[in-house]
Structures are given as C-alpha cells and as structure tokens.
Amino acid sequence: VFNSTELKDTHYIYSHSYNKVEFLRSDSNVGKYVGFREFGMKNAERWNNDPHVLSWRRAQKEMFCHHNSEVWYRKVLLRSVKPLVRLHP
C-alpha cells in the first residue's frame, strides 16, 4: 500500500493463508510477524525470535516495494486526463 514514492509512506503486508483463512502476517508498520490460530502463532513466535528472518523481511520491503512504487507512481498515478464534460438539454 503506497501513496508516494517515499519508502516511509509504504505499508508492506505479507501474509500466509490456507483454505482462504489467514494464519500468519508480517506487517511493516508492526515490524514483526503476527499469528492467527495456533499454527500461525507458533510460527510467528519462531520467526520473530530469528533476527535473520526479520531483517530479510525488512529488506523485502525496500527491494520490492520501493522499486515498484516508483514505477507505478510514475506510470499510473502521475498521469492525468483532462476532464471532458458534455451537457445535453
């Protein structure tokens, strides 16, 4: 989720789900994994205690989100079309 090309304005969410039910989520605003249901909570606890996993997830935000937000912002959000209005009696 982003509204500018600044990395600080980007909100990176990475989630795991099974049968359309989310059981684990990594949220860049929270800074750690959050588990839902027993299986997700066990994995979140394990991954939150591993500094390599957390630093890798933070690097994913910089590597993936920052590059793509610049592309999308430049190609989509900065383009505008002059409005056209037709009035009929």
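For the structure itself, consult the block above.
Values in this document were obtained by computation on a predicted structure and should not be read as measured data.

Q: What's the story with the nonpolar core in this structure? I'm lost.
A: Note on soluble globular proteins: their nonpolar side chains tend to be buried together. Ranked by size, the top nonpolar core spans six residues in total: Phe-23, Leu-24, Tyr-33, Ala-44, Val-53 and Leu-54. Secondary structure elements with two or more residues in this core: strand S2 (21-27) and helix H2 (51-77). Beyond its immediate chain neighbours, meaning those up to four positions away, Tyr-33 contacts Leu-24, Arg-25, Ser-26, Ala-44, Trp-47, Asn-48, Val-53, Leu-54 and Arg-57.

Q: Looking at this structure, I do not really get the sheet that holds strand S1 (residues 13-18). What am I missing?
A: Across a sheet, paired strands are connected by hydrogen bonds in the backbone, their directions being either parallel or antiparallel. One open sheet accounts for three strands, arranged S1-S2-S3; its pairing is antiparallel. Every other strand in the sheet has two partners, leaving S1 and strand S3 (32-35) as the edge strands with one partner each. Across this sheet, the average inter-strand angle for adjacent strands is 20 degrees, counted without regard to direction.

Q: What is the right way to read helix H1 (residues 37-48) from this model?
A: Residues lying three or four places apart along an α-helix face the same way, a consequence of the helix completing one turn every 3.6 residues. Taking 1.5 Å per residue, twelve residues should reach 16 Å; H1 reaches 16 Å between its end C-alpha atoms and fits that length. Every buried residue belonging to H1 is among Gly-40, Asn-43 and Ala-44, and all of these are buried. The buried residues of H1 all sit within an arc of 105 degrees when viewed along its axis, so they share a single face. When the buried face of H1 is taken as reference, the exposed residues oriented beyond 90 degrees from it are Glu-38, Lys-42 and Glu-45. For H1, the secondary structure elements touched by its buried residues are S2 and S3.

Q: Which parts of the structure should I look at to understand the pairing of S2?
A: Along any regular strand the residues' side chains alternate between the sheet's two faces. Bridge count between S1 and S2: six bridges; the pairing is antiparallel. Paired with Ser-15 across the strands is Arg-25, a residue of S2. The antiparallel pairing of S1 with S2 creates a hairpin that spans two residues between the two strands, and Asn-19 there sits at a positive phi of about 55 degrees. One ladder, built from four bridges, connects S2 with S3; its direction is antiparallel.

Q: So what exactly am I meant to see when it comes to the packing of aromatic side chains here?
A: Centre-to-centre distance and the angle between the planes together describe a pair of aromatic rings. Counting across every chain of the model gives two aromatic pairs. With 5.3 Å between their ring centres and 55 degrees between their planes, Phe-23 and Phe-39 make a pair best called tilted. One end of the pair, Phe-23, is in strand S2; the other, Phe-39, is in helix H1, with 16 residues separating them in the sequence. Exposure remark for Phe-39: the relative accessible area of 53% places this residue in the exposed category. A centroid spacing of 5.1 Å and a plane angle of 65 degrees characterise the contact between Tyr-33 and Trp-47, whose relative ring orientation is edge-to-face. In this pair, Tyr-33 is assigned in strand S3 and Trp-47 in helix H1, connecting sequence segments 14 residues apart. On the basis of relative accessibility, which here comes to 22%, the residue Trp-47 falls in the partly exposed class.

Scoring rules and cut-offs
Residues numbered from 1 in each chain as written. Predicted model: local features only at pLDDT ≥ 70, side-chain atom pairs only at ≥ 80, totals over all residues. Heavy atoms only, no water. Core = buried A, V, L, I, M, F, W, Y, C linked by side-chain atoms within 4.5 Å. Buried < 20%, exposed > 50% of the residue type's maximum accessible area, 1.4 Å probe, protein only. Helix = DSSP H or I, 4+ residues; strand = E, 2+ residues; numbered from the N terminus. Contact = heavy atoms within 4.5 Å. Pairing = 2+ DSSP bridges. Axes fitted to C-alpha atoms, helices over the stretch in contact; angles between N-to-C directions. Expected span 1.5 Å × (residues − 1). Arc of directions from axis to C-beta. Phe/Tyr/Trp six-rings, centres within 6.5 Å; stacked < 30°, edge-to-face > 60°.

So far we have only geometry, and geometry alone does not tell us how the molecule works.
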